[in-house]
Amino acid sequence: MNNKNSTKDINSLLIGLTAGFVLLGVTLFVFRKQIKQGAKDIVRYVFTADQERFLKELHPSVVKDFRSFIKDVDNKLGYLVRINSGYRSFKKQQEMVDSGNYPVIAKSGYSSHNFGMALDISLINKKNANIISQNSPISEWKKTGVVNLARSKYGMRWGGDGLDGISGDPVHFDMMKKYNINKLRELTLKQYGSIENAKGNRVNLA
Ligand SMILES: [Zn+2]
């Protein structure tokens, strides 16, 4: 390789690099809003991957509120949220009822989980790693401030209050104050035809 050629090589390398950086800069600039929003939407979890899946399976109309709720619990109240259950299809709910393993469970199409409107969570105290879960006393749940936050800021219902004939379910938070479950069920069955095919979490509310 002679001198002239290597200069040429370096020049084209520099041009390539410059073009690359310019392109990257333009891309970042064009998508700056989305990138900023993306960073804001990132929620901290203890076990990340499956947690994000729970959020994505929620009904699109409530994802934003649940995400924001989880971030508030983390940043303002000092607890990390661990999601243990979210969306359950009509079919899954039917299977659970049929199994007989759940003495107190809503019929298929009668649970807020069937529409992706609910999460069952536990809390991890960031200071002392204490876990607040299904067996923790109601008073303990209330003391965290999570119940109050869910109600006042997000208009959620709390399972610790006893909902739809199911009592003592403090891990449960849902959005069913804003939606009518009979209407949701009707719409879902109309749009999907059967329990077998029903995707309540994707039902068109319009
Ligand atoms: Zn629940």
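The structure displayed is predicted, hence computed values, not measured ones. (Residues numbered from 1 in each chain as written. Predicted model: local features only at pLDDT ≥ 70, side-chain atom pairs only at ≥ 80, totals over all residues.)

A turn of α-helix holds 3.6 residues, and therefore any two residues three or four places apart point the same way. Taking 1.5 Å per residue, 13 residues should reach 18 Å; helix 4 (residues 63–75) reaches 18 Å between its end C-alpha atoms and fits that length. Residues of helix 4 that are buried: F66, F69, I70 and V73. The buried residues of helix 4 all sit within an arc of 95° when viewed along its axis, so they share a single face. Residues of helix 4 that are exposed and point over 90 degrees away from its buried face: K64 and N75. (Helix = DSSP H or I, 4+ residues; strand = E, 2+ residues; numbered from the N terminus. Expected span 1.5 Å × (residues − 1). Buried ≥ 20, exposed ≤ 12 C-beta atoms within 10 Å, placed from the backbone. Arc of directions from axis to C-beta.)

Where interface size is given, it is often the accessible area lost as the parts come together that is meant. Domains assigned within the protein chain are domain 1 (1–41) and domain 2 (44–202). Of note, the centres of domain 1 and domain 2, computed from C-alpha atoms alone, are 45 Å apart. (Domains from an automatic or database assignment.)

In this structure, F66, V81, L119, I121 and F173 are the most contacted members of the largest nonpolar core, which totals 28 residues. Of all the secondary-structure elements, those providing two or more residues to this core are helix 3 (48–56), helix 4, strand 1 (79–85), strand 2 (118–125) and helix 7 (146–152). The contact partners of F173, leaving out residues within four places of it in the chain, are A118, L119, I121, A150, M156 and W158. (Core = buried A, V, L, I, M, F, W, Y, C linked by C-beta atoms within 7 Å. Contact = placed C-beta atoms within 7 Å.)

Examined against the element boundaries, K178 turns out to sit in the loop between strand 5 (172–174) and helix 8 (181–192). By C-beta crowding, K178 is classed as partly exposed, having 14 other C-beta atoms within 10 Å. Along the backbone, K178 and L55 are 123 residues apart, and their C-alpha atoms lie at a distance of 19 Å.

Relative to the helices and strands, S12 is located in helix 1 (residues 3–30). Residue class for S12 comes out exposed when judged on the 10 C-beta atoms lying within 10 Å of it. Considered as a pair, S12 and E95 are 83 residues apart in the sequence and their alpha carbons are 64 Å apart.

What follows concerns the confidence of the model for the protein chain. Chain-level pLDDT for the protein chain is 89 on average; 91% of the residues reach the 70-or-more range. Helix 7 holds the highest mean pLDDT among the elements of the protein chain, 98, whereas helix 2 (residues 32–41) holds the lowest, 68. (pLDDT = per-residue confidence, 0-100.)

A few words now on the pairing of strand 2. Pairing geometry for strand 1 and strand 2, over 6 bridges, is antiparallel. Across the sheet, Y79 pairs through a bridge with N125, a residue of strand 2. With 2 bridges joining them, strand 2 and strand 3 (residues 131–132) adopt antiparallel strand pairing. Along strand 3, the bridge assignment pairs L123 with I132. (Pairing = 2+ DSSP bridges.)

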